[in-house]
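As a plain string of letters, each chain reads:
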Amino acid sequence: MCGIVGYVGSKQAQHVVIEGLRRLEYRGYDSAGIALVHSVDGRGAIASDKKSGKLANLDKAITESPLPESTTGIGHTRWATHGAPNDTNAHPHLGRDSRLALVHNGIIENFAELRAELEAEGHTLLSETDTEVAAHLVERELTDGVDLTVAMQRACQRLQGAFTLVAVDARDPDRVVAARRNSPLVVGLGEGENFLGSDVAAFIEHTREAMELGQDQVVTITREGVEVTGFDGSPAQGTRYHVDWDLSSAEKDGHDWFMRKEIHEQPRAVADSLLGRRGTDGLLQLDEVRLSDDDLRDIDKIIIIACGTSFYAGMVAKYAIEHWCRIPCEVELASEFRYRDPILTQSTLVVAISQSGETADTLQAIRHARLQRSKVLAICNTNGSTIPRESDAVIYTHAGPEIGVASTKGFLTQLVACYLLALYLAQVKGTRFGDEINEVMDQLDEIPAKIQAVLDAEAGIYELAAKYVGTKSVLFLGRHAGYPVALEGALKLKELAYIHAEGFAAGELKHGPIALIEEDLPVLCVVPPRGRDQLHDKMISGIQEVRARGARTICLAEEGDTAIVPYADVLITLPKVPTLLQPLVATVPLQLFACELATQMGHDVDQPRNLAKSVTVE
Ligand code: F6R
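Let us look at the structure shown here. (Residues numbered from 1 in each chain as written. Predicted model: local features only at pLDDT ≥ 70, side-chain atom pairs only at ≥ 80, totals over all residues. Heavy atoms only, no water.)

A short note on the site of the ligand
Going by this rule: Near, as used in this document, describes a residue that has one of its heavy atoms within 4 Å of the molecule or strand being considered. We define a polar contact as two N or O atoms separated by no more than 3.5 Å, with the added condition that, inside protein, one atom must be a possible hydrogen donor and the other a possible acceptor, whereas residues neighbouring each other in sequence contribute only through side-chain atom pairs. Where accessible areas are quoted, they stem from the Shrake-Rupley method and a 1.4 Å probe; at the residue level, only the protein chains shown are allowed to cover. A helix here means a DSSP run of H or I that spans at least four residues, while a strand means a run of E at least two residues long, and both kinds are numbered starting from the N terminus. By the convention adopted, Pro, Cys, Tyr, Trp, Phe, Met, Ile, Leu, Val and Ala count as nonpolar, Lys, Arg, Asp and Glu as charged, and the other residues, Gly among them, as polar.
Residues in close proximity to the ligand total 15 residues, the closest being Ser 310, Ser 354, Ser 356, Thr 359 and Glu 495. One of the side-chain nitrogen or oxygen atoms of Thr 359 is found 2.4 Å away from an oxygen atom of the ligand. Here Lys 492 contributes a side-chain N or O atom positioned 2.8 Å from an oxygen atom of the ligand. Coverage of the ligand by the protein amounts to 90% of the 410 Å² it exposes when considered alone. For the shell around the ligand, the elements supplying multiple residues, two or more each, are α9 (308-325) and α16 (482-497). Here the residues of the shell around the ligand sort into four nonpolar, nine polar and two charged.

Written out as structure tokens, the structure reads:
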């Protein structure tokens, strides 16, 4: 939520900041703004502009009325929390004397009390935001004669909640100061220039050397260097790291949308996430798991926590973990977890799944679990983000940056990580023989080519999507591991095409949802592979039931499944894979369907309305 950029160096800050915001726009796009430090008659001054709506509005405004030249600046792209997304509430906000400009991501919980305090002192606040309160507070400290770093430290000690703040002072033009608590911020380390960003995409064009910061830290960047302290001013250290992806990964590569590009990257993303997992001894190894095998052997319960699409990956993981490891496994929405007083012990493993590693609900849930002394393992796609940093162990997915707001390759690689975790636990606990584990690993190794085969048939899905432009409602049915796929297909359609879509477990149909079936209602059915269990046949019975009531059935079934043919108005064939792994191939047509339908309906697929990529507020 919200993208933040800061720059000091020798380039034109306006260009660096606007380009940085362009790469962060997926984090929020309700409004955008920029502030630069420049000089008027030898005295420092702030020049700023901000506009509601997408970054393009700000870009147009500063093209028509250019800002002065400057090599120090900050910028912001907003996902509104306090106050409507209008020009006044857009960031940056200025202090009382317009000496300081500040941008913010997060929520300052005690802002009402602080606002009252400032107003009692005669401050006039122009916006409804909590951010303006922070701007006035930091500037008030500045007028006390201290520098921006100390002013920021002092102000942060007054703030409660979650925040990243970045500020510039007109009288100190070569310094940008930032602070973070429970909200993302990384430093980009350049030569004679330094950067700040909500994530590395903000500065990847300029440097791949980065520094992550801890909680409750203040960072000061100048051309020459970077200094980190605690909120109390005590010296602190950031952790340097090299970013292993480059600018081309953050570009669309000829696709119309990042989402479409990311869907097509899935064969590689899945292959990369599987890479190097089998040791020379033939045993599965997950080198990022910092828990000992003894710790893992003692685990008697697993609770998976996640939100949205990541939650659906967790639902698939439950099937795999219980089947291969025989450990009881619950899956819970992170936003509900803490509030139901969950039973957690030292032998509970909490698995947090988060593409961004910054989702506030998931972060708070793992903190709660760790307080109860449970072990926490994170499955995450973002190196250096908060959730893996606060976990006992982490399995990184190697999807590369996911910029489209709707998760695609993030989801598939989360599934891979879940399977790997389940197999690893089965190996450690001895619930599966080595050759059984190897057989599944061989099946997983074949998946990238199978996803590619689904992608090669995309034209058929696009034709199908074109027929449903303007449709009001779509249902998705699945069973077993296909049930979370149905939920994910429905979520994609809701968030991208704004079509009412619901996913159901097919067996639940006759317990209520079948009442929704009417003539020509499209029902997408994820048909389980034929196997020794009765899942496939039971699914066909469900499909017959909706068809008998007039629904139009679009069935996703494995190649060679002739039993489904009489009941499918449209048949999408999937490569043959075992039931548990089917989500890896069955999800892809649903992603393509939603992406294309939304495109045909004229929606912005990468930036759907009301959403943001990384939900850093609860
Ligand atoms: C849907 C989507 C969201 C995220 C959810 C969790 O397409 O992207 O539902 O899955 O906000 O985000 P992470 O995985 O970053 O914790």
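Observations concerning the pairing of strand β25 (residues 570-574)
To keep it simple, the criterion reads: Partly exposed describes any residue whose relative accessible area lies between the buried limit of under 20% and the exposed limit of over 50%, with all areas from a 1.4 Å probe on protein chains only and scaled to the type maximum. When DSSP locates at least two bridges between a pair of strands, those strands are taken to pair.
Only one face of β25 is covered, namely the face carrying Val 570, Ile 572 and Leu 574; the face carrying Leu 571 and Thr 573 is uncovered. Where strand β24 (residues 552-558) and β25 come together, five bridges link them in parallel fashion. Along β25, the bridge assignment pairs Glu 558 with Leu 574.

A look at the pattern of salt bridges
The line we're drawing: What counts as a salt bridge is simple: a side-chain nitrogen of Lys or Arg found within 4 Å of a carboxyl oxygen of Asp or Glu.
Counting across every chain of the model gives 41 salt bridges. With a closest N to O distance of 3.5 Å, Glu 446 and Lys 450 form a salt bridge. Of the two residues, Glu 446 and Lys 450 both sit in helix α14 (residues 434-456), four residues apart, roughly one turn of that helix. Here Glu 495 ties to Lys 492 by a salt bridge, and the two come within 3.1 Å at their closest N and O atoms. Taken together, the positions of Glu 495 and Lys 492, both in helix α16 and three residues apart, correspond to about one turn of that helix. Each of Glu 117, Glu 121, Arg 140 and Arg 158 takes part in one network of salt bridges that share partners.

Concerning the side chain of His 536
For clarity, the threshold we go by: In this description, contact between two residues means that some pair of their heavy atoms is separated by no more than 4.5 Å.
Examined against the element boundaries, His 536 turns out to sit in helix α17 (residues 535-548). A distance of 2.7 Å separates polar atoms of two side chains, one belonging to His 536 and the other to Asp 561. Beyond its immediate sequence surroundings of up to four residues, His 536 is in contact with Val 527, Pro 528, Pro 529, Arg 530, Asp 561 and Ala 563.

Quick notes on the environment of Ser 347
Take Ser 347: it is sitting in the loop between α10 (334-337) and β18 (348-354). Residue class for Ser 347 comes out buried when judged on its relative accessible area of 17%. Along the sequence, Ser 347 and Ser 374 sit 27 residues apart, while their C-alpha atoms lie 6.5 Å from each other. When residues no more than four places from it in sequence are discounted, the contact partners of Ser 347 are Asp 298, Ile 299, Asp 300 and Lys 301.

Purely geometric stuff here, so don't read any function into it on its own.
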